[in-house]
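A closer look at the structure
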Amino acid sequence: MNVFKGFRRQLLALLDGMVAAGELPAGLDTARVTVEPPREASHGDMSTNAAMVLAAQAATTPRELAPRLARRLETVPGVTAAAVAGPGFVNLSFAPAFWQAQVAAVLRAGTAYGAGTLGAGRPVNVEYVSANPTGPLHAAHARGAVVGDALANLLEKAGFTVSREYYINDAGSQVETLARSAFLRYREALGEEIGEIPAGLYPGDYLKAVGQALAERDGGRWRDQPESVWLPAIRDFAVDRMMAGIREDLALLGIGITVFSSERALVAAGAVQAAFEELSARGLVYQGVLDPPKGKKPDDWEPRPQTLFRATAFGDDVDRPLRKSDGSWTYFANDIAYHLDKFRRGFTVLIDVLGADHGGYVKRMQAATSAITGGEATLDVKICQLVHLMDQGRPVKMSKRAGTFVTLRDVLDEVGRDVVRFIMLTRRNDQTLEFDFARVTEQSKDNPVFYVQYCHARCRSVLRHAAQDLPAAALTAEALAGAPLHRLAGVEEMALIRILAGWPRLVEAAAEAHEAHRVAFYLHDLASAFHTLWNKGKDDTTLRFLSADDPELTLARLALVQAVAMVVASGLAVIGVEPVEEMRS
RNA sequence: GCGCCCGUAGCUCAACUGGAUAGAGCAUCUGACUACGGAUCAGAAGGCUGGGAGUUCGAAUCUCUCCGGGCGCGCCA
C-alpha cells in the first residue's frame, strides 16, 4: 500500500475531528490536500500542505492554522514530530519502526509489492506500434512499442484491466503499393528480368521472399492477369506475410499485444458507415469548403465542397474531411470508426502511442473521440519523439533508398531485448532520445541498464553467500519478514527503506500520468541508494550485510537486501526486463 | 504563415501535474577501493529554468508575448 495515501486518510480523519470540535468550519474542501515526501530529506519523512490549502476556507492564515494542525498530528501513533516550516507546510517525522515495517511489507508481498487498487479493474485501451504492414519494423518503431507495452504493464500493476492493441492499416493506398511491389518480385521469382524498381514502389529486398513464396504457392497464375484481378489477392498475401514478420519481431522484443484490428475488416463490416451515421445523427457532419492551407501553396488546390466533421466544435483548428473525392472514406474516418469500436467494446479510457510525425493528428482524433462517444471517452495520445541511432557518438547513417535503414531485428541482434526496452524508457516520450550502440552495452555506471541490473545481481550475490555461510538459517522472504528489523537504523539503510516504501506511490503517480519512464528513473535512484550502502561497507566493515558475530543484524540486513531485489525485479517487470542473477563478463 | 511538442548546470536529462534552498548522471577538479562480485563510492565546483510581462501565499510547471529547435499542415496513412 501507499504509505503517503494511507497517512492522508488519517490526516483527513483528524481534520474531521477538528471540525467536530469546532476548530474548523464544516464543509471543508480537502481535495487539494496532499501528503508527500518532502523534497529535502532533512525536512522529515512526510509533508502536508493542508494548512495552506485550508487556511482561506477557515478564514485564517496558513501560519496560524499550521501549528494547531501540527499539535494534533503529533498525537498520531508513529509520528515523532510535526513541525511547521516555510509558508505553512507541516513536516512530519516517523519512528524508525514505521519505516522498518515497510521492509516486512515488501517481503510479504514479493514482486506484487506496489501493485495498486487505483485502477479498480477499470478497462483501459492502449494502442501502440500500429506500423503500416508494408515492411519490417525498423529501429524507430521500437520506441513506441516499448513505451506502449511498458505503459500497459504499469497500468495493469496499478489495477487497471488493459487491452493491448495494434491497428493494422491494411486498407489504404500504401498496401496497394505493397501489392504492386510484391507483384514485381513475384515476376522476378518466375524468372523475369525486372531491372530497377520503379519510383513509387517499395525497393526493399525483404519483398523478394514474398514474391518467391507467392510463386511457389500460385505458380504463374497471376502473371498475365490485369491488376484488378491480382491486386486484392497479392495484397492480402503480402500483408499477411508482413504482419507475420512484424509479430515475430514484436515477440522477440517481448511486446504483449493481444488484439490486432484490421482496418480493412472494420470497413468491410460497415463500421465506418456506422460511425459516420453516429456523427451525422449528432449533427456534426456537413458539406463545406475549407480554406486553403496558409503559407503552404499546393499548386493543384481548388475550392471543393467536401464531407466534413465539425472538429472545431471540439477544440480542433479546422473541420476535417471524412470522404475523399472518389467517395471513399479518408484514413481519419476509418480511424474514428476504430476508436468508436474501442468505446463500444467498453473502453472509456483510450491511449494511443504514436510517432512524432503524427503530432498534427492528435487534436482531430481527440475531437472525434469526444464527439462520437458523447464525451464519455477520453483519448490520451503519447507522441514518441525521434530516436537518434548513434555508434560511439557518431550518427548511424540511414537511408531507405540506399537500403541501409536499421531494422528492429538488427538492433535486437546487436544489443538484446533488455537493453532496448530499458533504454527506450530513459527519456520522456516527448523528448528525442539518443541510442548509442556502444554506450548502451558498456558495463559502467554511465549505462543505466547495467547500473540497475548490477544492483539486482549484487543483492542476489549477497543472498547466495548468506545461504552458504548460514546453512541453518531460514532465509526465505517469509522468514526474513520476521527478522529483527529494528536493527536497520543506519542513515543509509533508512534512506534505502524510504525509497523502497515510495514504490507503491510511484506506481500510482506514473500510472495516473501515463508515464512509464518514471519507473526507469525510480530504479536508477533505488540502485544508487543501494550502491551507496554497499560501498559504505567497503570503508566500514561494520556496515557489511553479512556480519559473522551478529546473526540478528545479519538477518535484518538480509531482509533489506531481499526487499531491494524484489522491488528492483518488480520495477524491471513493468519495463519488461528480466532481472539477472549475476553479471556475465 | 498556422498548429502541436520542446527549450532546465559545459553535455545528456529529472523534478511526484502549483510547493520549501530546481535535482541526478556524464565531463572537470579532490579523495577512497589488495575486493560479501572489478566494472564503484565520497566530496567540490557548476543555474536569472531561452528573454520579458501576468495570475497568487508560492511558478520550471498555468496565461500572454517575443527568441530558438523539432514535427505536421485539404481528398497520404
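Source: prediction; values computed, not measured.

So, about empty space enclosed by the protein. Per the counting criterion, the structure on display carries three cavities of 30 Å³ or more. The calculated volume of the largest cavity comes to roughly 60 Å³. The residue makeup of the lining of the largest cavity, split by class, is four nonpolar, three polar and four charged. Of the volumes computed, that of the second largest cavity is approximately 40 Å³. Lining the second largest cavity, in full, are Val 272, Ala 275, Phe 276, Leu 279, Leu 322, Trp 329, Ala 333 and Ile 336. Among the elements that make up the lining of the second largest cavity, the one with the highest residue count is helix H10 (residues 271–281) (four residues). For the lining of the second largest cavity, the class distribution of residues is eight nonpolar, no polar and no charged.

This part covers helix H5 (residues 139–157). Under the 1.5 Å per step criterion, the end-to-end length of H5 is 28 Å for 19 residues, consistent within 8% with the ideal 27 Å. With 16 of its 19 residues buried, H5 lies for the most part within the structure. Looking at the residues trailing H5, positive phi occurs at Gly 159, about 100°.

In this structure, Ser 325 sits in the loop between strand E10 (320–321) and helix H11 (331–344). Taking C-alpha positions, Ser 325 is 9.1 Å from Thr 307, a pair spaced 18 residues apart along the chain.

Another aspect to go through is the side chain of Asp 45. One can find Asp 45 in the loop between strand E1 (35–36) and strand E2 (46–48). Here Trp 99 takes part through its side chain, which lies 3.1 Å from a polar atom of the side chain of Asp 45.

To continue, consider the layout of surface pockets. Taken as a whole, the second largest pocket spans an internal volume of roughly 640 Å³. Pro 37, Arg 498, Ile 499, Gly 502 and Arg 505 are the residues nearest the centre of the second largest pocket, which is lined by 22 residues in total. At the level of secondary structure, the elements contributing two or more residues to the lining of the second largest pocket comprise helix H18 (491–501), helix H19 (503–513) and helix H20 (517–539). Here the lining of the second largest pocket is built from residues that sort into 13 nonpolar, two polar and seven charged. Among the domains, domain 1 (3–94) and domain 3 (444–575) are the pair contributing at least three residues each to the lining of the second largest pocket.

Another point: the sheet that holds E2. Taking strand neighbours across the sheet as the criterion, the four strands line up as E1-E2-E4-E3 in an open arrangement whose pairing is antiparallel. Of all the strands in the sheet, the pair left with one neighbour each is E1 and strand E3 (79–85). Pairing geometry for E3 and strand E4 (residues 89–94), over six bridges, is antiparallel. Bridged to Ala 81 within E4 is Ser 93. Along the sheet, helix H3 (residues 62–73) makes contact with E3 and E4, crossing E3 at roughly 175°.

With that settled, consider the packing of aromatic side chains. A full pass over the atoms with the stated rule returns 19 aromatic pairs. Between Phe 183 and Trp 230, the aromatic rings sit 3.8 Å apart at their centres with planes inclined by 5°, giving stacked as the arrangement. Residue Phe 183 is found in helix H6 (residues 173–189), and its partner Trp 230 is found in helix H8 (residues 227–252); the two are separated by 47 residues along the sequence. A relative accessible area of 7% places Phe 183 in the buried class. An aromatic cluster of at least three residues, connected via ring pairs, comprises Phe 309, Phe 314, Tyr 331, Phe 332 and Tyr 361.

Quick notes on the rules
Residues numbered from 1 in each chain as written. Chains lettered and ligands numbered in written order. Predicted model: local features only at pLDDT ≥ 70, side-chain atom pairs only at ≥ 80, totals over all residues. Heavy atoms only, no water. 1 Å grid on protein atoms, 1.4 Å probe; cavity = no way out; pocket = protein on both sides within 12 Å on 5 of 7 lines; lining within 4 Å. Points joined across faces, edges and corners; volume = space filled by probe spheres on them. Nonpolar A, V, L, I, M, F, W, Y, C, P; charged D, E, K, R; others polar. Helix = DSSP H or I, 4+ residues; strand = E, 2+ residues; numbered from the N terminus. Expected span 1.5 Å × (residues − 1). Buried < 20%, exposed > 50% of the residue type's maximum accessible area, 1.4 Å probe, protein only. Polar contact = N/O pair within 3.5 Å; in protein donor to acceptor, adjacent residues only side chain to side chain. Domains from an automatic or database assignment. Pairing = 2+ DSSP bridges. Contact = heavy atoms within 4.5 Å. Axes fitted to C-alpha atoms, helices over the stretch in contact; angles between N-to-C directions. Phe/Tyr/Trp six-rings, centres within 6.5 Å; stacked < 30°, edge-to-face > 60°.

Remember that the coordinates give geometry; whether it matters functionally is a separate question.
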